[in-house]
Amino acid sequence: MASELTIWLIILLPAFAFVFNGLLLRWLPEIAAGPFRLTGKKSDLAGWLTVVAVGVSFVLSFLALLEVVSDGTQYFDMRSWIAISGVDIQFGIMLDQLTAIMLVVVSGVSFLVQLYGVGYMHGDDGYTRYFSYMALFTASMLGLVTARSVIQLFVFWELVGISSYLLIGFWLNRPSAAAAAKKAFLMTRFADFGFLLAILYLYSVDPSWLDIQEMYHAITAGAMAVSVASWIALGFLLGAMGKSAQFPLHSWLPDAMEGPTSVSALIHSATMVTAGVFLVARFFPLFEHSDIMFLVTVVGAVTAVFAASMALVADDIKRVLAYSTVSQLGYMMFALGVGAYGAAVFHLFTHAFFKACLFLAAGSVHHAGGTFNMNYLGGLKNHMKITYWAMVIASLSLAGIIPLSGFWSKDEILAHAAHGDSGIAMFALLMGLLGALMTAFYMFRAVIKTFHGEFRGGGGKEREDIEASGEVPPEGLEHVHLGESPWTMTVPIAILAFLAIVIGFFTNPIFDLGFANKHAFATFVVERNTDVFHDHEAQVHAGSEPKFDPLIAGISTVLAIGGIAIAWLLATRTGVIPASVEKMTLPFQNLLRRKYYFDELYEDLIVSRGFYSYFARLVDRLDISGFDNVNIQLYRWTDRAGRALAKVQDGQVQTYGIVSVVGLIVAIVIFVVVAQ
Amino acid sequence: MSEFNGILTVTVFLPALAALVILLAKPFNLEDRIIRWFAILSTVATFVLSLIIFLAYDRDAGGVQFIDHISWLSAETIKSSYLLGVDGLSAPLVLLTGLLGMAAAFASRNIELRVSEYFIWLLLLEAAVMGVFVSLDLLLFFVFFEFEVIPMYMLISIWGTGRPRYSAMKFVLFTLGGGAFMFVGIFAVYLTGAVDTLTMVDVPKLGITGIPEQISGVSLIAPASLIFAFFLVAFAVKLPVWPLHNWLPDAHTDAPTAVSVMLAGVLLKMAGYGMIRINIGFFQETNGFTVHDAAGILSVIAAVSVVYGAIVTIRQTDMKRLIAYSSVSHMGFVLLGLTAIGGSTAANQLGGINGAALQMFTHGTITGLAFLMVGLAYDRTHTRHIPHLGGLWRRMPIIGIFFFIAGFASLGLPALSGFVSEIMVFLNSFPVWPWAASVSAFGVVLAAGYVLWMIQRTFFGSRPAEGGIPNDKYEELTDAEPLDLIPILVLTIPIFVIGIWPKVVVDVFKIGIEGILR
């Protein structure tokens, strides 16, 4: 029996690292850091402390997973946070199969990223600050996945948001980082408005549903009307779309690479963006009970292709990866939409490892080449073998090549969509297949441009070119030192690459292996999760017995290999596409490069012009020349009336005399007239 | 029957006594330094007393405690007395006043102009506000409520910046205008035949039945709705509620830092307190009209205050003015929480009013901190014009950290106190007024917008924008001094404590509010 304390420790250890790095380290005398001195500064302690804290969290998470494997879902007591008679907001821990998987993924990937950060961030002025934010980020995400109350979930949800804000804006002196951080927080906050309203509505219908277990039971017992479930699910979906960067709330994520690359690795793999998918999975019974599952499917399917299309032409390697994240999250979303809970969670699981690997490898590329712009890279494969092979493996996995992990999870999603009976499921399948082709193409385009061919000068050359064109080069362009990165960086990359190979097949094999049963992962997250899936039918529907479909697998593999082949052809042979055709695609390429003009639409048209320059200006004017003016006029009239009346008492005896006499005469006249 | 514990009298009059000492010491031409530290120490002593009151308040017994009672008018028709006491509603607000009084005194360390007079007025201000929160006699309450105007006028008009006289006079006219309405309201209560006391609550220990009990079910001298409106206007001006808010941005912008801290921190809370104590406390069972009837329209006004305030905030270019308008928005949440009184369940009523009370407390510390940080930055940059700033983090990271904390708390970040009060207000007002609550909840999105945008334009970046602070001046900017950390931490610690463990304050508030709701 995993004790409650264990679970709290999983969250509190990184939280402690946050407090220690952010607050206590400042007052720690240099000497106390002695045993940890590697280069003689106490700030080194921050990195290793975070690594150790998250590492222990990972070990505890793994123990928790084993507990859930043997004992099933566990709910721990709710503790009162605010209690007024009638209003009782409680927090507690919920440890079900989904939580257990997420705990391991989050703490595991975070551990490797922290280790990587020790080397990657070495020498940065904000080294301590970096690790305190990273620890906060990890703690928030761990808190999110263990939440038993909806409010508690929302608390950590927002904390994840703010830590990503701090990390994206980590390099405070870069204006672009500030803009990206604000954009990320604001867009997700806008989406959270829906989440918040859904919580308020849920509370107003039945406050006890704030406890997720109670909500599950209410749905099973038929105590929740479908319309109620639909409204709540709609709000939750909006929140999830914001966090998971689903169309049309996707545009913050590509910009979010302004932070250190290790931050992107964490944001894009295990934390932050997976929170949205997690949210839908967490409230899966609610969504199944609602009328809006089709919407989940459509949003996911459209996003899968929409985001992939922008990755086709991106020049920045991190941007390619960012779009690919959005696209893969789309797969998970539509998997949930067609009911394939098991497949969605499985893809979330495998994706976390190979995507973290890709980002860390990209950081390693920057370490050597000094830039992320692929037009200035190339030929790096001879200089950094580990990074190269890790990148190739992770890309193959992402492209869905058998037998790497991405193949198994992606095909499970596609197979479920193929077996769906609705037109929307077919639409999702088509989009999924199209996305598979695009994914293979853009990943190998990126690999080839980065690692093959001739080296094109790196960050130094890019800086010169930008300066030559008379513009100010962005920060982050560094000098080239071709060579492999230090071990703290390559070891995590290698481990993640290894996991990208094995973690799909060996956790969820299609036939019994000695140490893993057939469909072990799917069985675990679906069949054993009896609070969510009550009967066998529901379990099968949600994917407890994945239908490995050779036909779908064959088609998607052909598409993936085709995508790789096209990428190879376009990169190595000139003139594959006739110039006239090439020319015809230019407007389309441009549309993709400009990201379908969504930034212009949101930032320029709606926010800047429509809201700020027009609407808010109008309200501001109204405040000054409307409401405040009323006050000022009121004052003026009072003042004038006062001045006018003051003449009555101006102290001039002659005036008093005249007024008295005239008044007397008038009075007499009136008296006489009235008396008559 | 009579009772006199003395601790409240001491707490209220200690700052006033200190002010008197400074006044009497004037002929001796003491060094400014001595006067400063004397004033600061007296606010520390007041804070300690307020903390003792808060901690020693017996939560199991509840009701009014620490009574100081001297009868001064005991006619057949009406009884009025010097009656001080705290209940669950006022105890946290007394603590808040002690906290902010101390922070304001520390933040005034660098005042050079007419030092002794400055501190005399500042101490009198604290005494007046403290008096408002502990007076249980309506007349006494009114005296303290109005007295606060005088020190505020002096502080803004003499030590202010920009257009201090204009702003100070505007403040006076608005407050006194509102006060006139309250005075009429008090008279209406006084002249009502069934009422023979001016005590605002029941004090069983003294054998006093308070006004709420006495006016329930009887015919008042004027329609209850009219008397309610008179009190409401007085407090709505002070809170402030749209469209009576225009004095606030001017007063805040031109006031010295410490006065802005006091204004945002505790002066506005007198209004919310008055609304709970009087508008809700008195008018629950009145004849012909009760507070429940007004809740609907007030919820609309609250929603307008929140969103209107937030939209205007986004347009501001002066940092202090920006925070001032954000106060209009945030005090809208207070009003929204109070309108949960129109709900059908006791849970929503209690929850909403508790949320409002907590929002007053949290806004006091959060906005106090924000003004303090802007003040510190302004002392160095000599400009608050946002387009002239930028890159401040690089020169003043400590000011930056706490400015971020204030900003994040203001936009309702969980684990900081603003979130707790806002979620309580939303959860309990939504079932009652779903549309008003939904619209108000959007204020949280707008808050993220103005806070983050301001942070981006002032603290992010590598240097101030073109036309802003010149480069050589920028490189000379310094960070906060160690002593500045005292007021900063005084305000920051409650933000975290309440954000993580709100029961510290909520458990006390709820006792008072349960007592007021009958």
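Residues numbered from 1 in each chain as written. Chains lettered and ligands numbered in written order. Predicted model: local features only at pLDDT ≥ 70, side-chain atom pairs only at ≥ 80, totals over all residues. Heavy atoms only, no water.

Chemist: I tried to follow the pattern of salt bridges on my own but got confused; where do I start?
Modeler: Two side chains that carry opposite charge are able to pair once their charged atoms sit near each other. In total, this model carries 27 salt bridges over all chains according to the counting rule given. Residues B:Lys205 and B:Glu3 are paired through a salt bridge, measuring 3.2 Å at the closest nitrogen-oxygen approach. With a gap of 202 residues between them, B:Lys205 in the loop between helix H7 (164-191) and helix H8 (211-215) and B:Glu3 in the segment before helix H1 (7-24) connect regions that are remote in the sequence. The exposure class assigned to B:Lys205 is exposed, which follows from its relative accessible area of 53%. Note on B:Glu3: relative accessible area 18%, which makes it buried. Taking the shortest distance from any N to any O, the salt bridge between B:Arg384 and B:Asp318 comes out at 3.1 Å. With B:Arg384 in the loop between helix H14 (346-381) and helix H15 (392-395) and B:Asp318 in the loop between helix H12 (291-315) and helix H13 (319-338), this pair connects stretches of sequence that are 66 residues apart. The exposure class assigned to B:Asp318 is buried, which follows from its relative accessible area of 18%. Several salt bridges share partner residues, and in doing so they unite A:Lys183, A:Asp255, A:Arg319 and A:Glu603 into one network. (Salt bridge = Lys/Arg side-chain N within 4 Å of Asp/Glu carboxyl O. Helix = DSSP H or I, 4+ residues; strand = E, 2+ residues; numbered from the N terminus. Buried < 20%, exposed > 50% of the residue type's maximum accessible area, 1.4 Å probe, protein only.)

Chemist: Explanation requested: the interface of chain B and chain A in the structure shown.
Modeler: When the parts of a complex come together, some accessible area is lost, and that lost area is often taken as the interface size. Contacts between chain B and chain A engage 64 residues on the former and 53 residues on the latter. Taken over both partners, the interface formed by chain B and chain A buries close to 5100 Å², and the fraction arising from carbon and sulfur atoms is 74%. On the chain B side of the contact with chain A, B:Arg315, B:Leu427 and B:Phe460 bury the most area, a combined 15% of that side's loss. Where chain B meets chain A, there are 1 salt bridge. With a shortest N-O distance of 2.8 Å, B:Lys170 and A:Asp628 are connected by a salt bridge. Across the contact surface, chain B and chain A share 14 residue pairs in polar contact (both at pLDDT 80 or more). Ranked by residues supplied to the side of chain B that touches chain A, first place goes to helix H18 (residues 434-458) of chain B with 12 residues. Residue composition of the side of chain B that touches chain A, by class: 42 nonpolar, 14 polar and 8 charged. (Contact = heavy atoms within 4.5 Å. Buried area = accessible area lost by both parts, 1.4 Å probe. Polar contact = N/O pair within 3.5 Å; in protein donor to acceptor, adjacent residues only side chain to side chain. Nonpolar A, V, L, I, M, F, W, Y, C, P; charged D, E, K, R; others polar.)

Chemist: I keep staring at the packing of helix H10 (residues 247-254) of chain B against H13(B) and nothing clicks. Help me out?
Modeler: Two quantities define a packed helix pair, namely the angle between the helix axes and the distance between the axes. Residue and element names in this part refer to chain B. Closest axis-to-axis distance for the H10/H13 pair is 8 Å, and the angle between their directions is 145 degrees. The handedness of the crossing between H10 and H13 comes out as right-handed. Contact residues: Leu248, Pro249, Asp250, His252 and Thr253 in H10; Lys320, Arg321, Ala324, Tyr325, Ser327 and Val328 in H13. Across the contact of H10 with H13, the residue classes break down as 5 nonpolar, 3 polar and 3 charged. (Axes fitted to C-alpha atoms, helices over the stretch in contact; angles between N-to-C directions. Left-handed = near helix turned anticlockwise from the far one by under 90°.)

Chemist: Looking at this model, I keep getting lost on the side chain of B:Thr9. Mind explaining?
Modeler: Residues and elements named next belong to chain B. With respect to the helices and strands, the residue Thr9 is situated in helix H1. Taking relative accessible area as the criterion, Thr9 reaches 17% and is therefore assigned buried. When near neighbours in sequence (up to four residues on either side) are disregarded, Thr9 contacts Phe4, Asp68, Tyr82 and Leu84.

Chemist: Would you mind showing me how to read helix H17 (residues 417-429) of chain B here?
Modeler: Each full turn of the α-helix corresponds to 3.6 residues, which orients residues three or four apart in the same direction. A rise of 1.5 Å per residue sets the reference length of H17(B), with its 13 residues, at 18 Å; its end C-alpha atoms lie 19 Å apart and thus fit the reference within 8%. Among the 13 residues of H17(B), 13 are classified as buried, and the element is accordingly described as predominantly covered. (Expected span 1.5 Å × (residues − 1).)

Chemist: Even after reading the chapter, I still don't get unusual backbone geometry, so can you show me in this structure?
Modeler: Generally, phi is negative for residues other than glycine and the peptide bonds are trans, each holding for most cases. Residue A:Pro248 follows A:Phe247 across a cis peptide bond; omega there is 0 degrees. Following the sequence through the fold, A:Pro248 ends up in the loop between helix H8 (226-243) and helix H9 (252-255). Here B:Trp242 and B:Pro243 are connected by a cis peptide whose omega angle stands at 0 degrees. Mapped onto the secondary structure, B:Pro243 falls in the loop between helix H9 (224-238) and H10. Of note, B:Arg114 is a non-glycine position whose phi angle comes to about 45 degrees, a positive value. Looking at the secondary structure, you find B:Arg114 in the loop between helix H3 (90-107) and helix H4 (115-134). Residue classification places B:Arg114 among the partly exposed residues on the basis of a relative accessible area of 42%.

Chemist: Any chance you could explain the nonpolar core here in plain terms?
Modeler: One finds A:Phe236 and B:Phe408 to be the most contacted residues of the largest nonpolar core, which totals 433 residues. The dominant element in this core, judged by the number of residues it contributes, is helix H15 (residues 341-369) of chain A, at 19 residues. Those residues in contact with A:Phe236, other than ones at most four positions away along the chain, are A:Val150, A:Phe195, A:Ala198, A:Ile199, A:Leu279, A:Phe283, A:Leu286 and A:Phe287. In terms of nonpolar packing, the next biggest core, distinct from the first, is built from 8 residues, B:Leu83, B:Leu136, B:Leu206 and B:Ile208 among them. (Core = buried A, V, L, I, M, F, W, Y, C linked by side-chain atoms within 4.5 Å.)

Chemist: Explain the packing of aromatic side chains to me, please; I cannot follow it from the model alone.
Modeler: Within a pair of aromatic rings, the relevant descriptors are the distance that separates the centres and the angle that separates the planes. Under the definition given, this model contains 58 aromatic pairs over all chains. On the numbers, 5.9 Å between centres and 40 degrees between planes, the contact of A:Phe16 with A:Phe20 is tilted. Highlighted residues: A:Phe16 and A:Phe20, both in helix H1 (residues 4-27), separated by 4 residues, approximately one helical turn. For A:Phe16, a relative accessible area of 43% translates into the label partly exposed. With a relative accessible area of 13%, A:Phe20 lands in the buried category. The interplanar angle of 45 degrees and the centroid separation of 6.0 Å between the aromatic rings of B:Phe404 and B:Phe460 together place this pair among those described as tilted. Of this pair, B:Phe404 sits in helix H16 (residues 397-410) while B:Phe460 is found in the loop between H18 and helix H19 (471-475), placing the two residues 56 residues apart along the sequence. (Phe/Tyr/Trp six-rings, centres within 6.5 Å; stacked < 30°, edge-to-face > 60°.)

All quantities given are derived from atomic positions and should not be read as evidence of function.
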